[in-house]
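If you want the building blocks of each chain, they are given just below.
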Amino acid sequence: MKHMNSEVKEERTSNKKRIDLFLVPIVLIAAFLNLFKIWTDEYANAYYTAAVKSMLQSFHNFFYASFDPGGYVTIDKPPVVFWIQTISAKIFGFHGWSVILPQALAGIGSVLLLYVLIKRTFGVWAGRFAALAMALTPIVPAVSRTNNIDSMLVFTLLLATWMLFRAVRTVKFGWVLAAFAMIGVAFNMKMLQAYMVLPAFYVFYVVATKITWKKKIAFLTTATALMLAVSVSWAVVVDSTSADKRPYMGSSQTNSVLELAFGYNGINRLTGNTSVTGSSHKQSAQTEQQTASSETKQNSNSSADSSQSSNQRKSSFSQKMQAPGGGNQNGMFNTGNPGPFRLFQKGLSDQISWLLPFVIFSIVGLFAGVKFKGPYTAKQKESLFWLAWLLPVAVFFSIAGFFHQYYLIMLAPPIAAFAGAGAVALWSMYKQHNDWKSWLLPGGILTTAALQVYIMSPYVSSIGVAPIAGVGALGVILALVLAIRKQRKNSLTNYLGAAAMVVLLAMPAYWAMTPIIYGGNSMLPSAGPDSSSGMGGPPSTATNSKQSGFNGMQPPGSSSGNSSSNNQMQPPSGSSNNSQMPNSFSSKSSSSKRKSGGMNAEVNQKLLNYLTKNNTGEKYLFATTDSTSAAPYIIKTGKPVMAMGGFSGSDPILTVSKLKAMIKKGEVKYFYLSGMGKGGQSDVITWIKENSKEIPSSKWQSTSSSAQQGPSGNGTLYEITLK
């Protein structure tokens, strides 16, 4: 802390060095949090992993991001991140860790980029603190340890930010174009979510660039046009291609990328209106929410020596997610209830909000004395950029109707930036001022410690009282002592300031490690003592195997893959280990690697043997209702398996006439049907049942005592042949 008052001199000295020695341990921390034990996750998010397996097989599948090797339906996101994952799998071989690796490296890269962005203007200590805060923000490593998109998205947006800052410093139009083009690339990662940073880009360029207004408008207009062109480039190619020459666009209702972008992956996320484009989106949401519940069952049995704490986490999860009457008192996916204080509610606060009070005090300090008409210093201009990133994104998550906890990684860069820049600024004000500004540092420490106590209090049964009391007591003591010792320039005061930063980062650091300690969830990543549950929804309580829903099933994309313990999958609630109900998956696993892949990815070998032996040249090994049933067999065999209704089983892809034509052509003859995924294809399923021969379960059903039920309980294998 004693170096902060001479930050300019420190920065110049640091710039002469090739390596900032203080940065090395920060990068190592980020590498540990993002990379350690990812090799124990064999299948990661199986929905996306199956797509990578398919994309490895042909350029056609690669370009369209096909979910299955047969090119029947795509995944529900644009392809850029999955292109990168496929290239990684091509280089290192097809493994869970090889598809996770790009996101893990992106998480580390984001830490480094933030250091570079903050250091240049706010000083080397600010850069170090910002990088450390980014590395220790719990949701950052939680999502970076999976093959979900968001870590790569944030890295890409930070790279665009670096280009924009360079454009302002050099006053070169080329860097403006590059920055906005990079946002276009980010759009092809997760569509409209990439545009959440646009207010910051426009405001900063207008305020910070020293050129005429005429040039500003011309440059921004041209850059925006380029961004839009890059954004829709893949969509235009896909939508312009004849539907019979490409896969169906998964999770859309009209087989259109643009509809997917502005509907399911766009406006519907804000409004939460899942009925705008039909029942498919509602069912997709239900699929994901029940998925995390099923995974809680899996993870609670992943290690015998932690069974008691796992049961406590599962009980706590159920209590917080299940409101009276079956409602959800903490919102869908445990994202709280919309309102101005949503980010401080349980379920979101422990993912992202640990330093928010300190950030608020930092913003006050950084903008103290700023006049609306300017002139603005470089620090004030860049502070405005981070504020214009923070506020719109925070407002979105405060009012949005449908999102997941791991989307909150979008808030991590501005929060970390203000934490780093603010730590230096508030320390300087504390040492040099006698007015109200000198109280900002103690006030920020005190309120942040208080919030952290609030965040941790629901987890007292998991983490104990000591860390909660410790943070609270140390925060109060350090804030009071700093308040009493104002302006005393000695080493003790410096140590007190450093100690305060350590206290405020201690529990975020622990929370960031929980995906390693407790196991993670690859479908709905989150951090905390219940991180393996994914916090996605209440556990299934159904006891009737015929009840619809994902009872006891591990749905597409959920995984607890960050645990190294052996995993003996358990039957759904209300079943026994000796259940003999029809099943399509065998959950027995003797490997130390996790093979759940978000579902029972250890396939039923007897079923697979039967299908392989009786295949007479059909293109598809079998067809099934949804991606959940199909993904493990695609991963295991690399053979085409048809998810007739896409991700959730409700995409309107097939008609009876189309299916008849496929059967007559000899493309498919076996159908595995369960109680799930009828939305949008009930006519097709009814026709299959009425025109097929049921295969006796004794020919394909596993008789293992540890066998897991198939999707939604009862599953049946049918055969249809038409002349």
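Residues numbered from 1 in each chain as written. Predicted model: local features only at pLDDT ≥ 70, side-chain atom pairs only at ≥ 80, totals over all residues. Heavy atoms only, no water.

Q: What exactly am I supposed to notice about the overall build of the chain here?
A: In terms of regular secondary structure, the chain is built from 27 helices and five strands. Scored against the burial criterion, the 723 residues of the chain give a buried share of 62%. If you sum the accessible surface of the chain, you get close to 25900 Å²; carbon and sulfur atoms cover 61% of it. (Helix = DSSP H or I, 4+ residues; strand = E, 2+ residues; numbered from the N terminus. Buried < 20%, exposed > 50% of the residue type's maximum accessible area, 1.4 Å probe, protein only. Areas by Shrake-Rupley, 256 points an atom, 1.4 Å probe, with all protein chains shown as cover.)

Q: Just to check I follow, could you spell out the pattern of salt bridges for this structure?
A: Oppositely charged side chains can form a pair if their charged atoms are brought close together. Evaluation of the coordinates by the stated rule reveals five salt bridges. With a shortest N-O distance of 3.5 Å, Glu719 and Lys693 are connected by a salt bridge. Taken together, the residues Glu719 in strand β5 (residues 715-719) and Lys693 in strand β4 (residues 693-694) connect sequence positions 26 residues apart. (Salt bridge = Lys/Arg side-chain N within 4 Å of Asp/Glu carboxyl O.)

Q: Even after reading the chapter, I still don't get the sheet that holds strand β1 (residues 623-624), so can you show me in this structure?
A: Two pairing modes exist for strands in a sheet, parallel and antiparallel, and in both the strands are linked by backbone hydrogen bonds. Pairing in this open sheet of five strands is mixed, and the strands run β2-β1-β3-β5-β4 from one edge to the other. Whereas interior strands pair on both sides, the edge strands pair on one side only; in this sheet they are β2 (642-643) and β4. Note: strand β3 (residues 670-674) against β5, five bridges, orientation antiparallel. Considered in β5, the bridge of Ser674 is made with Gly715. Set on the sheet, helix α27 (residues 682-690) makes contact with β3 and β5; between it and β3 the angle comes to about 120°. (Pairing = 2+ DSSP bridges. Contact = heavy atoms within 4.5 Å. Axes fitted to C-alpha atoms, helices over the stretch in contact; angles between N-to-C directions.)

Q: Got a minute to help me understand the packing of aromatic side chains in this structure?
A: What describes a pair of aromatic rings is the distance from one ring centre to the other and the angle between the planes of the rings. Here the structure, examined in full by the defined rule, presents 38 aromatic pairs. Consider the rings of Phe180 and Tyr202, whose centres lie 5.5 Å apart with planes at 45°: the pair is tilted. Of this pair, Phe180 sits in helix α10 (residues 173-190) while Tyr202 sits in helix α11 (residues 198-208); the two residues are 22 residues apart in sequence, bridging distant segments of the chain. The exposure class of Phe180 is buried, given its relative accessible area of 0%. Three or more aromatic residues joined by ring pairs form one cluster here, namely Phe165, Phe180, Phe201, Tyr202, Phe204, Phe385, Trp386 and Trp389. Over the ring of Trp125 we find Arg128, and its NZ or CZ is 4.8 Å from the ring centre. In this arrangement the basic side chain of Lys216 is found over the ring face of Trp213, its NZ or CZ atom lying 4.9 Å from the centre. (Phe/Tyr/Trp six-rings, centres within 6.5 Å; stacked < 30°, edge-to-face > 60°. Lys NZ or Arg CZ within 6 Å of the ring centre and 35° of its normal.)

Q: What am I meant to see in the side chain of Ser438 here?
A: When you line up the elements, Ser438 lands in the loop between α19 (412-432) and α20 (440-456). Ser438 gets classed as buried once you look at its relative accessible area, which sits at 0%. At 2.7 Å, the side chain of Ser438 forms a polar contact with the backbone oxygen of Asp435. Once residues within four sequence positions are removed from consideration, Ser438 is found in contact with Met429, Tyr430, His433 and Lys486. (Polar contact = N/O pair within 3.5 Å; in protein donor to acceptor, adjacent residues only side chain to side chain.)

Q: What should I look at first to understand the nonpolar core in this one?
A: A general feature of soluble globular proteins is that nonpolar side chains tend to end up buried together. If you look at the biggest cluster of nonpolar residues, it comprises 202 residues, and the most contacted ones within it are Trp386 and Phe397. With 14 residues, the single largest contributor to this core is α19. With sequence-adjacent residues up to four places away left out, Phe397 is seen in contact with Met196, Arg342, Leu343, Phe403, Tyr407, Leu408, Met410 and Leu411. Counting residues in hydrophobic clusters, the runner-up holds six residues, among them Ala44, Val52, Val99 and Ile100. (Core = buried A, V, L, I, M, F, W, Y, C linked by side-chain atoms within 4.5 Å.)

Q: I tried to follow a positive patch on the surface on my own but got confused; where do I start?
A: A surface patch of positive charge is lined by Arg120, Arg166, Arg169 and Lys172. Residue placement: Lys172 occurs in the loop between α9 (150-170) and α10. (Patch = residues over 30% accessible without salt bridge, like charges linked within 9 Å, V, L, I, M, F, W, Y side chains within 5 Å. Lys, Arg positive; Asp, Glu negative; His and termini not counted. Charge placed at Lys NZ, Arg CZ, Asp CG, Glu CD.)

Q: Would you take a moment to explain the confidence of the model for the chain for this structure?
A: On average, the chain scores 82 in pLDDT, and the residues at 70 or more come to 76%. A low-confidence stretch, residues 275-283 stays under pLDDT 50, and its non-local contacts, those more than four residues away or across chains, total 21 contacts. A low-confidence stretch, residues 289-329 (pLDDT under 50), is modelled with 109 contacts involving residues beyond four sequence positions or located in other chains. (pLDDT = per-residue confidence, 0-100.)

Q: Explain α27 to me, please; I cannot follow it from the model alone.
A: Helical periodicity: at 3.6 residues per turn, an α-helix aligns residues three or four positions apart in one direction. All buried positions along α27 are accounted for by Val684, Ile685, Trp687 and Ile688. Down the axis of α27, the buried side of the element spans an arc of 160°, and every buried residue falls inside it. Turned more than 90 degrees away from the buried face of α27, the exposed residues are Asp683 and Glu690. Elements in contact with the buried residues of α27: α26 (656-664), β3 and β5. (Arc of directions from axis to C-beta.)

Q: Hey, could you run me through the layout of surface pockets in this one?
A: The rolling of a water-molecule-sized probe over the atoms marks out the regions of remaining empty space. When its volume is computed, the largest pocket comes out at roughly 560 Å³. Forming the walls of the largest pocket are 20 residues, and the residues nearest its centre are Tyr72, Ala243, Asp244, Arg246 and Met662. Examining the composition of the lining of the largest pocket, we find that three residues originate from one element, α26, more than from any other. Here the residues of the lining of the largest pocket are counted per class, giving nine nonpolar, four polar and seven charged. (1 Å grid on protein atoms, 1.4 Å probe; cavity = no way out; pocket = protein on both sides within 12 Å on 5 of 7 lines; lining within 4 Å. Points joined across faces, edges and corners; volume = space filled by probe spheres on them. Nonpolar A, V, L, I, M, F, W, Y, C, P; charged D, E, K, R; others polar.)

Q: What is the right way to read the pairing of β5 from this model?
A: A regular strand places its side chains on the two faces of the sheet in alternate fashion. The buried count for β5 comes to five of five residues, which makes it a mostly enclosed element. Side chains of β5 alternate between two faces, with Gly715, Leu717 and Glu719 and Thr716 and Tyr718 buried alike. The pairing of β4 with β5 spans two bridges and is classified as antiparallel. Note on β5: the bridge partner recorded for Lys693 is Glu719.

Q: It is not clear to me how the side chain of Ser522 should be interpreted in this structure. Could you clarify?
A: Turning to its location among the elements, Ser522 is positioned in the loop between α23 (491-517) and α24 (605-613). What makes Ser522 buried here is its relative accessible area of 0%.

Q: Is there a simple way to explain a nonpolar patch on the surface in this structure?
A: There is a patch of nonpolar side chains on the surface, built from Ile19, Leu21, Val24 and Leu28 and spanning about 410 Å² of accessible area. In this fold, Leu28 is placed in helix α2 (residues 23-35). Here Leu28 falls in the exposed class, since its relative accessible area comes to 55%.

Q: Any chance you could explain the packing of α20 against helix α22 (residues 466-484) here in plain terms?
A: Each pair of packed helices can be summarised by the angle the axes make with each other and by the distance between the axes. Taken N-terminus to C-terminus, the directions of α20 and α22 make an angle of 170°; their axes are 8 Å apart at the nearest point. Regarding the angle of α20 to α22, the classification is roughly antiparallel. Each of Pro442, Ile445, Leu446, Ala449, Gln452, Val453 and Met456 in α20 lies in contact with α22, whose residues at this interface are Pro467, Ile468, Val471, Gly472, Gly475, Val476, Ala479, Leu482 and Ala483. Partitioned by chemical class, the residues of the contact of α20 with α22 number 13 nonpolar, three polar and no charged. (Parallel < 35°, antiparallel > 145°, perpendicular 65-115°, else oblique.)

Q: Where do I start with the environment of Val168 in this structure?
A: If you trace the backbone, Val168 turns up in helix α9. For the pair Val168 and Tyr205, spaced 37 residues apart in the sequence, the C-alpha separation amounts to 6.9 Å. With residues up to four places along the chain from it excluded, the contact list for Val168 reads Phe204, Tyr205, Ala208 and Thr209.

Q: What exactly am I supposed to notice about the environment of Trp39 here?
A: Along the polypeptide, Trp39 turns up in the loop between α2 and α3 (46-55). Here Trp39 falls in the partly exposed class, since its relative accessible area comes to 43%. With 59 residues separating them in the primary sequence, Trp39 and Ser98 have C-alpha atoms 8.3 Å apart.

Q: Looking at this model, I keep getting lost on empty space enclosed by the protein. Mind explaining?
A: This model, assessed by the stated rule, comprises eight cavities of 30 Å³ or more. Taken as a whole, the second largest cavity spans an internal volume of roughly 100 Å³. Looking at the second largest cavity, the residues that line it are Phe129, Ala133, Leu355, Phe358, Ala419, Gly420, Ala423, Met501, Leu504 and Leu505. Going through the elements one at a time, α7 (124-136), α19 and α23 are the ones with two or more residues in the lining of the second largest cavity.

Q: Looking at this model, I keep getting lost on α11. Mind explaining?
A: For α11, the set of buried residues is Leu198, Ala200, Phe201, Phe204, Tyr205 and Ala208. Projection of α11 onto a plane perpendicular to its axis shows the buried side chains occupying an angular sector of 160°, all on one side. Where the residues of α11 are buried, they touch α9, α10, α12 (213-240) and α18 (378-399).

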